[in-house]
Amino acid sequence: LAPRDLEGMRIAISAGGTREPIDPVRYLGNRSSGRQGVALAAEAAVRGAEVTLVAANVAGDVLAEAQHPSIRILQAGTAAELGRVMADAAASADAVVMAAAVADYRPLEVADRKLTKDAGGIASIELVENEDIVAGLVRTRRDGQVVVGFAAETPGAEGDQDELLARARRKQKRKGVDLLVVNEVGWERGFEKGHNAVMMIGSDGDVVSTASGSKREVAAAVLDALRPLWTAIRN
Ligand code: C5P
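Since the model is a prediction, treat every value here as computed from it, not as a measurement.

In the numbering used here, UniProt assigns the feature "binding site: CTP" (unreviewed entry) to Asp104, Lys114, Phe150, Lys171 and Lys175. Spatially, the listed residues are scattered: they cover 72 residues, and their C-alpha atoms lie as much as 37.1 Å apart. Residue position: Asp104 is located in the loop between strand 6 (95-98) and strand 7 (105-107). Accessibility expressed as a relative area gives 56% for Asp104, which makes it exposed. Not counting residues within four places of it along the chain, the set of residues in contact with Asp104 comprises Val128, Glu129 and Asn130. When sequence neighbours within four positions are dropped, the list of residues in contact with Lys114 reads Asp23, Pro24, Val25 and Arg26.

Here is the structure:
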């Protein structure tokens, strides 16, 4: 039986990947399935937390694993929507976990009709940068709130792990998160897969924990690392 060691924790978790519309039928997206974020939500709920799961384009069969009386599910399609919904959810949360893959850029203009080759085409799309949601959540966070980020990184040339770690540490610093969960991705690993291997970097840049296994097992390890950082916030 799982311990109810997160009883009283209110946690907001984003999952999935944003889609930035180009025209009514096309978007810029990524390969995040939402499985890791959904596993986090399910594990947190079983351990007694009150969960708000913000799903960005998560398929129904994946989302079904988040059916639990303590999980409230909200939807967000684009990075801008996700930013708004997460800011709302964070306002009443003790902990915030940004597991969603957010598009760094969005098309400057969204065509209101399908772009066609004969109407000038889509050979290039002008992009503008999206705001960094998790960095914003850190800036505006409530006293005592724990903020966790994720980073999907490909290793350096010839599988250079030191380079990957250095890059992850810079990311932790830049975003200001209390915990950065780093998973190595490549064509064969990470996204869309049932298993995951991660290392967690704390606020001083140290590797505080590593975990590998099913996404549910990784979720449990992330919550184990988060728990000691948590102090219940009133209201
Ligand atoms: O910089 P990178 O995209 O690798 O950072 C990943 C982390 O930052 C994830 O936690 C992701 O949810 C978050 N992120 C964000 N807003 C963005 C880009 C990434 O919150 N615009």
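Let us look at the pairing of strand 6. Judged by which residues are buried, strand 6 turns out to be covered on both faces: Ala95 and Val97 on one side and Val96 and Met98 on the other are all buried. By the bridge criterion, 4 bridges tie strand 1 (residues 10-16) to strand 6 in an arrangement that is parallel. Residue pairing for strand 6: Ala12 is matched across the bridge by Val96. By the bridge criterion, 4 bridges tie strand 6 to strand 9 (residues 146-153) in an arrangement that is parallel. In the sheet register, Ala95 faces strand 9, and the bridge partner there is Val146.

Bringing the site of the ligand into the picture now. The environment of the ligand is formed by Met98, Ala100, Val102, Asp104, Glu131, Asp132, Ile133, Val134, Gly149, Phe150, Lys171 and Lys175. One nitrogen or oxygen atom from the main chain of Glu131 is found 2.9 Å from a nitrogen atom belonging to the ligand. Protein chains bury 88% of the 450 Å² of accessible surface belonging to the ligand in isolation. Mapped by element, the contributors of at least two residues to the shell around the ligand are helix 4 (133-139), strand 9 and helix 5 (161-175). The residue inventory of the shell around the ligand, partitioned by class, reads 6 nonpolar, 1 polar and 5 charged.

Our focus in this paragraph is the sheet that holds strand 4 (residues 50-56). Strand order across the open sheet formed by 8 strands is 5-4-1-6-9-10-11-12, with mixed pairing between neighbours. Where the open sheet ends on each side, the last strands, each with one partner, are strand 5 (71-75) and strand 12 (207-214). Mean inter-strand twist for the sheet, computed between neighbouring axes without regard to direction, equals 20 degrees. Lying over the sheet, helix 1 (residues 35-46) contacts strand 1, strand 4, strand 5, strand 6, strand 9 and strand 11 (195-202), oriented at roughly 155 degrees with respect to strand 1.

The rules behind the values
- Residues numbered from 1 in each chain as written.
- Predicted model: local features only at pLDDT ≥ 70, side-chain atom pairs only at ≥ 80, totals over all residues.
- Heavy atoms only, no water.
- UniProt positions renumbered as here; feature names shortened; annotations may be inferred.
- Helix = DSSP H or I, 4+ residues; strand = E, 2+ residues; numbered from the N terminus.
- Buried < 20%, exposed > 50% of the residue type's maximum accessible area, 1.4 Å probe, protein only.
- Contact = heavy atoms within 4.5 Å.
- Pairing = 2+ DSSP bridges.
- Near = heavy atom within 4 Å.
- Polar contact = N/O pair within 3.5 Å; in protein donor to acceptor, adjacent residues only side chain to side chain.
- Areas by Shrake-Rupley, 256 points an atom, 1.4 Å probe, with all protein chains shown as cover.
- Nonpolar A, V, L, I, M, F, W, Y, C, P; charged D, E, K, R; others polar.
- Axes fitted to C-alpha atoms, helices over the stretch in contact; angles between N-to-C directions.

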